[in-house]
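One-letter residues, chain by chain:
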Amino acid sequence: MQQQSRPPQLSPARIVAFEVLEAVETDDAYANLLLPVRIGRAALSDVDARLATELTYGTLRMRGFYDRVIEIAANRPTSKIDPRVLDALRLGAHQLLSTRIPTHAAVNESVELVRRYATRSAIGFANGVLRAISRRSTDEWREDVSAEARSDDERLAELSSHPEWVIRAFRGALERDGLGDTLDELLEADNVAPVVNLIALPGVGLGEPDDYGTPNRYSPLGFTRDGEGALELDVHGGRIRVQDEGSQLAALALSRARPVVAGERWLDLCAGPGGKAVLLAAEALASGAVLDANEVIPVRADLVRSALSAVSTGIPVSVVDGRAIGEERPGYYDRILLDAPCTGLGALRRRPEARWRKSPRDVAELTRLQGELLDSAVAALRPGGILAYVTCSPHTAETHGVVKGALSRWGDTLTSLDVPTVLDGLTRHPLDLPAGPHAQLWPHRDGTDAMFIALLEKH
């Protein structure tokens, strides 16, 4: 009797990657939060953890391109493919087109994912699609996708794996800064894993950043570190932590805009999950200021408390709608950070799924909320105080548009400070920024998330 061949055994890294992709797609999970949990639960080795990370983030970043390849290979739209089968095909496409994983392993294990998680009737379909993809090189598939695009923007969107509306938003923001010819560079930077960046909090008994790694080019507190320790999230009791260099500069622009007078009251209005809040807390402690934090979502407020405990356990964290604080505490604060809820288009390197979750409709809702929060912050600011309006999005409606609206509503009450000048006074090396008053950072030029920073002074 002929012995039946056993189906291939699934690697634990692929199982973790597939389950995270499925959760991102069906439960709106965030890969950067869920993946470390699943890696720990599966007790993956360092090698498998790195593979699971590459498979998850690589597939999410290039999902738009892979979907178009799958549609051509399958001769059907992805909307007609079972979601679990589609996730397995995306994972297989990434291995075939963007890694050095052997073809047989990429195909066989992806088909086995379909066998285990989807329906047996889809096994043959998945096998056929993946083998069709494997017969052509990545460059050949890029030519096929390009040839079938109906417009230049659609072609650029599919090849760069960004929605068309995001392409247009990026183009508009870059052109405003005189950088319209760098769009391709920005899109490419979005699809490259960022360097892990850390911060050594000031004034809490640590040494200089160069005691721990390679100092950042711009942030006086940041550094990078190679090796296995680069991803440690809780070093020295949370006083060394992972934080993008752009986020560091956004907080420091407020705390170091001018000398601090002892006794100043500061507020982080939308503090979750706490990265900028803990930096402001350290800066406040070192200069004799007092920080309050607020976060409307209770779970995120707990994250803020946990982050702040690295500096002090006595920092109050309120859980109220930030739009009410201006009425509750009028003219109370000397400095306020409003890191406003936004589309997150400036951090697609780190949260690639955000590009597939947002739409132009979200921008309209968010800009309305941003304007209301900004009005509340201005009301809570004392005369002579400074407000930092920050977004992790370069979309001009969320940045210049919101600030322009506030300046119009508040008239002579508000004036803009020159952010490039403030940053030049605190960075290790000068940033190459267009003339102020505001600052827009870019991944492809500055190596940071695309943070927008405006400083407003109240009269």
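Below is a summary of the structure that appears in this document.

The rules behind these values
- Residues numbered from 1 in each chain as written.
- Predicted model: local features only at pLDDT ≥ 70, side-chain atom pairs only at ≥ 80, totals over all residues.
- Heavy atoms only, no water.
- Helix = DSSP H or I, 4+ residues; strand = E, 2+ residues; numbered from the N terminus.
- Rg over C-alpha atoms; globule rule 2.2 N^0.38 Å.
- Buried < 20%, exposed > 50% of the residue type's maximum accessible area, 1.4 Å probe, protein only.
- Axes fitted to C-alpha atoms, helices over the stretch in contact; angles between N-to-C directions.
- Parallel < 35°, antiparallel > 145°, perpendicular 65-115°, else oblique.
- Left-handed = near helix turned anticlockwise from the far one by under 90°.
- Contact = heavy atoms within 4.5 Å.
- Nonpolar A, V, L, I, M, F, W, Y, C, P; charged D, E, K, R; others polar.
- Phe/Tyr/Trp six-rings, centres within 6.5 Å; stacked < 30°, edge-to-face > 60°.
- Lys NZ or Arg CZ within 6 Å of the ring centre and 35° of its normal.
- Expected span 1.5 Å × (residues − 1).
- Pairing = 2+ DSSP bridges.
- Right-handed = clockwise from strand over helix to strand, strands pointing away.
- Core = buried A, V, L, I, M, F, W, Y, C linked by side-chain atoms within 4.5 Å.
- Salt bridge = Lys/Arg side-chain N within 4 Å of Asp/Glu carboxyl O.
- Patch = residues over 30% accessible without salt bridge, like charges linked within 9 Å, V, L, I, M, F, W, Y side chains within 5 Å.
- Areas by Shrake-Rupley, 256 points an atom, 1.4 Å probe, with all protein chains shown as cover.
- Lys, Arg positive; Asp, Glu negative; His and termini not counted.
- Charge placed at Lys NZ, Arg CZ, Asp CG, Glu CD.
- Polar contact = N/O pair within 3.5 Å; in protein donor to acceptor, adjacent residues only side chain to side chain.

1. Thoughts on the overall build of the protein chain
Helix and strand counts for the protein chain stand at 20 helices and 12 strands. Whereas a compact globule of 459 residues would reach a radius of gyration of roughly 23 Å, the protein chain reaches 24 Å, a difference of no more than 12%. Each of the three principal axes of the protein chain carries a C-alpha extent, and together these read 85 × 45 × 40 Å. Burial analysis of the protein chain (459 residues in total) assigns 54% to the buried set.

2. Some details on the packing of helix 2 (residues 31–41) against helix 3 (residues 46–61)
Contact pair helix 2 / helix 3: the axes reach a minimum separation of 11 Å and the direction vectors enclose 155°. One element, helix 2, and the other, helix 3, form an angle in the roughly antiparallel class. Helix 3 is crossed by helix 2, and the crossing has right-handed handedness. Judged by residue contacts, Ala31, Asn32, Leu35 and Ile39 of helix 2 engage Ala49, Ala52, Thr53, Thr56, Tyr57 and Leu60 from helix 3. The residue makeup of the contact of helix 2 with helix 3, split by class, is seven nonpolar, three polar and no charged.

3. Re the packing of aromatic side chains
Under the counting rule described, the total for this entry stands at five aromatic pairs. Summarising the aromatic geometry, the rings of Phe18 and Tyr117 are spaced 4.7 Å apart at their centres and angled 35° between planes, so their arrangement reads as tilted. Taken together, the residues span a long stretch of sequence, with Phe18 in helix 1 (residues 12–27) and Tyr117 in helix 6 (residues 103–117) at a distance of 99 residues. Given a relative accessible area of 0%, Phe18 falls into the buried group. Over the aromatic face of Trp141 sits the side chain of Arg136, whose NZ or CZ is 5.9 Å from the ring centroid. A cation sits over an aromatic face here: Arg142 above Phe65, 5.9 Å from the ring centre.

4. Side note on helix 1
When the terminal C-alpha atoms of helix 1 are compared, their 21 Å separation across 16 residues agrees well with the 22 Å that a helix rising 1.5 Å per residue should span. Those residues of helix 1 that sit buried are Ala13, Arg14, Ile15, Val16, Ala17, Phe18, Val20, Leu21, Glu22, Ala23 and Val24. Along its buried surface, helix 1 packs onto helix 2, helix 3, helix 5 (83–98), helix 6 and helix 16 (354–357). Just beyond helix 1, the residue with positive phi is Asp28, at close to 55°.

5. Some thoughts on the pairing of strand 5 (residues 265–268)
Relative to strand 6 (residues 290–294), strand 5 runs parallel, the two sharing four bridges. Bridge assignment links Arg265 to a residue of strand 6, and that residue is Val290. Remark: the strand 5/helix 13 (residues 275–287)/strand 6 crossover connection has right-handed handedness.

6. Concerning the nonpolar core
Among the nonpolar cores identified, the biggest contains 54 residues, and Leu201, Leu291, Leu308 and Leu423 are the most heavily contacted of them. At the level of secondary structure, the elements contributing two or more residues to this core comprise strand 1 (197–200), helix 12 (245–255), helix 13, strand 6, helix 14 (298–308), strand 9 (381–391), helix 19 (419–424) and strand 12 (452–458). With seven residues, the top contributor of residues to this core is helix 13. Other than its neighbours up to four places away in sequence, Leu291 contacts Trp266, Leu267, Asp268, Ala277, Leu280, Ala281, Ala284, Leu308, Ile315 and Pro316. Met62, Ile70, Ile101 and Val145 belong to the second largest nonpolar core, which has 53 residues in total.

7. Considerations on the pattern of salt bridges
Counted under the stated rule, the structure contains 33 salt bridges. Two residues, Arg38 and Glu19, come together in a salt bridge whose shortest N-O distance is 3.4 Å. Here Arg38, found in helix 2, pairs with Glu19, found in helix 1; they are 19 residues apart in sequence, far enough to count as distant. Its relative accessible area of 25% is what places Glu19 among the partly exposed residues. Each of Glu25, Arg63, Asp67, Asp87 and Arg90 takes part in one network of salt bridges that share partners.

8. Considerations on a negative patch on the surface
A surface patch of like charges, here negative, comprises Asp181, Asp184, Glu185 and Glu188. Looking at where Glu185 falls in the secondary structure, it is placed in helix 11 (residues 183–190).

9. Remarks on the side chain of Ser393
Mapped onto the elements, Ser393 comes out in the loop between strand 9 and helix 18 (400–410). Given a relative accessible area of 0%, Ser393 falls into the buried group. Within the local environment of Ser393, its side chain forms a polar contact with the side chain of Thr343, the two groups lying 3.2 Å apart. For Ser393, the side chain forms a polar contact with the side chain of Glu398, separated by 2.7 Å. Every residue in contact with Ser393, bar those within four places of it in the chain, is listed here: Cys342, Thr343, Gly344, Leu345, Gly346, Glu398, Thr399, Gln440, Ala450 and Phe452.

10. Here's the deal with the pairing of strand 6
Counting buried positions along strand 6 yields four of five residues, so the element is predominantly enclosed. With two bridges connecting them, strand 6 and strand 7 (residues 317–318) associate as parallel partners. Along strand 7, the bridge assignment pairs Asn294 with Ser318. Since strand 6 and strand 7 lie parallel, the crossover through helix 14 that links them has a hand, and here it is right-handed.

11. Concerning the environment of Gly178
Tracing the backbone shows Gly178 in the loop between helix 10 (164–176) and helix 11. The spacing of Gly178 and Pro434 is 256 residues in sequence and 7.9 Å in space, taken between C-alpha atoms.

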